[in-house]
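A closer look at the structure
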Amino acid sequence: MVGKIQSMPAKICLGITALIMFVYSINFMFFADCYSIGGDSCFAILDNKTENKIGESQFWGNGAPETAFNGILMFGVFLSSMIILIEGPKGKWTTMIPVSIGLAIMAVAVWTVDKELLEINPAPKYVVPLLLVLYVLSYCLMWGEGVNEGLSDYKPGINVEDKVALSALVVLVITGLIYSIRMIFMAEGYIDEGFSGMTFDYDARSSGQGPPAEISIIVSGALLLMYALFAAITLTDGAKGKWSVLHPSMFAFILVTIGNIVGVIAETARVDGNQNMINLATGPAVMLLVLVAYFRLIPEGMEEGMTFQGNPLETSGVVRLLAIFSVVMGILFAITSLVWENVG
């Protein structure tokens, strides 16, 4: 297949990171409720090991909606890795550098924040640094295969001509940076702002509706930073060939929107408080901005060199993929929400 990674060590390293990211993203997207209560009488691929001690544990039953959101964003990062594995590494610094930065922030956070929680469930303390090392190693191993093509010529500036797309990307970058900086550096204040004065009884905690841990918010910020940098690179380097940068964003925020809709119907979404309502509306807004930017920039070369399994892919093929993906994932979200309601 033309363009595939030639280095077997690079394939292995990137393949392992993709697999781990996939497992965690599926677990968080579909089983966040059960994850948050330590797998108590329900199914989760992985759980946070907390026990049903509402009077003793500050972590049991907390942060399921935020965990699900993180899983969706992780799924987009997984897709970015799969694009490199399947379609080749040429010029993919545009995704690998932002992802490396986000993973580095997460690796620091899991060793410095919420130490009590991470003593209960220490897996993230080792999994996230492992992901970072393997991902960066795969990037370095592909230097001879064109992964940095275009990086030496990168001169940041406004390199998008379409005014509508330009406006959409500017909003995405600014909004993404504001959210990510607040979440990474002011996570405690972010939580206080969203949950101040709220009380959570046993029923709320038993369905994962307690307030999120600080580490969950920092992970959200690190993941959002990746997507903000995707938009920034598209804006400052130009649209040519950036399909591989924006595809993960499109699919991820379509999932965010589907998750929000299903969450509202299933009454698992955060709807209390101004901050949570703003967050609920932001996901669909970001999805629309990404889609607008992508399709408006097709005349500027957005889809140049676009392939699917090594074969050229047309715009109509992208639309079909988005439609099929939306329907399938919508059904899966609905099914897992229904199952959770029956089990809970």
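Look up a bit, the structure's there.
Read on for a plain summary of the structure. (Residues numbered from 1 in each chain as written. Predicted model: local features only at pLDDT ≥ 70, side-chain atom pairs only at ≥ 80, totals over all residues. Heavy atoms only, no water.)

Under the definition given, this model contains one disulfide. In this model Cys 34 forms its disulfide with Cys 42; the gap between the sulfur atoms is 2.0 Å. Linking Cys 34 and Cys 42, the disulfide has an S-S dihedral of approximately 100 degrees and is accordingly described as right-handed. Summary of cysteine pairing: Cys 140 is not part of a disulfide, and the nearest cysteine sulfur, belonging to Cys 13, is at 10 Å. (Disulfide = S-S within 2.5 Å.)

As a further point, take empty space enclosed by the protein. Evaluated as defined, the whole model comprises two cavities of 30 Å³ or more. The computed volume of the largest cavity comes to approximately 450 Å³. Secondary structure elements with two or more residues in the lining of the largest cavity: helix H1 (8-36), helix H2 (64-87), helix H3 (93-112), helix H4 (115-120), helix H5 (123-141) and helix H9 (214-237). A total of five residues in the lining of the largest cavity trace back to one element, the largest contributor, which is H1. Among the residues making up the lining of the largest cavity, the classes are represented as 20 nonpolar, seven polar and no charged. Taken as a whole, the second largest cavity spans an internal volume of roughly 50 Å³. (1 Å grid on protein atoms, 1.4 Å probe; cavity = no way out; pocket = protein on both sides within 12 Å on 5 of 7 lines; lining within 4 Å. Points joined across faces, edges and corners; volume = space filled by probe spheres on them. Helix = DSSP H or I, 4+ residues; strand = E, 2+ residues; numbered from the N terminus. Nonpolar A, V, L, I, M, F, W, Y, C, P; charged D, E, K, R; others polar.)

Moving on, we come to the layout of surface pockets. If you add up the space inside the second largest pocket, you get close to 630 Å³. Contributing to the lining of the second largest pocket are 22 residues, with Lys 90, Gly 91, Lys 92, Gly 241 and Glu 304 lying nearest its centre. Put simply, the parts of the chain that give the lining of the second largest pocket at least two residues each are H3 and helix H10 (243-266).

What follows deals with the packing of aromatic side chains. Applying the stated criterion across every chain, the model contains 17 aromatic pairs. Ring centres 6.5 Å apart and planes at 70 degrees place the aromatic pair Phe 30 and Phe 31 in the edge-to-face group. Among the residues examined, Phe 30 registers a relative accessible area of 11% and is labelled buried. Taken together, Phe 22, Phe 75, Phe 78, Phe 251 and Phe 325 form an aromatic cluster joined through their ring pairs. (Phe/Tyr/Trp six-rings, centres within 6.5 Å; stacked < 30°, edge-to-face > 60°. Buried < 20%, exposed > 50% of the residue type's maximum accessible area, 1.4 Å probe, protein only.)

The contact between helix H6 (residues 163-185) and helix H11 (residues 274-296) brings their axes to 9 Å, and the two run at 145 degrees. H6 and H11 meet at a crossing whose hand is left-handed. Where H6 abuts H11, its residues Val 164, Ala 165, Ala 168, Leu 169, Val 171, Leu 172, Tyr 179 and Arg 182 lie against Gln 275, Ile 278, Asn 279, Thr 282, Val 286, Leu 289, Val 290, Val 292, Ala 293 and Arg 296. Class assignment of the residues belonging to the contact of H6 with H11 gives a composition of 13 nonpolar, three polar and two charged. (Axes fitted to C-alpha atoms, helices over the stretch in contact; angles between N-to-C directions. Left-handed = near helix turned anticlockwise from the far one by under 90°. Contact = heavy atoms within 4.5 Å.)

Take the environment of Pro 299 next. Looking at the element boundaries, Pro 299 is found in the loop between H11 and strand S1 (307-308). Counting along the chain gives 137 residues from Pro 299 to Asp 162, while the straight-line C-alpha distance between them is 9.2 Å.

In this section: the nonpolar core. Ranked by size, the top nonpolar core spans 98 residues in total, and within it Met 29, Leu 103 and Phe 253 carry the most contacts. Here this core takes 14 residues from H9, the largest share from any one element. Residues within four places of Met 29 in sequence aside, it is in contact with Ala 68, Gly 71, Ile 72, Phe 75, Leu 255, Met 329 and Phe 333. One finds Ile 37, Cys 42, Ala 44 and Trp 60 within the second-largest nonpolar core, a separate group that totals five residues. (Core = buried A, V, L, I, M, F, W, Y, C linked by side-chain atoms within 4.5 Å.)

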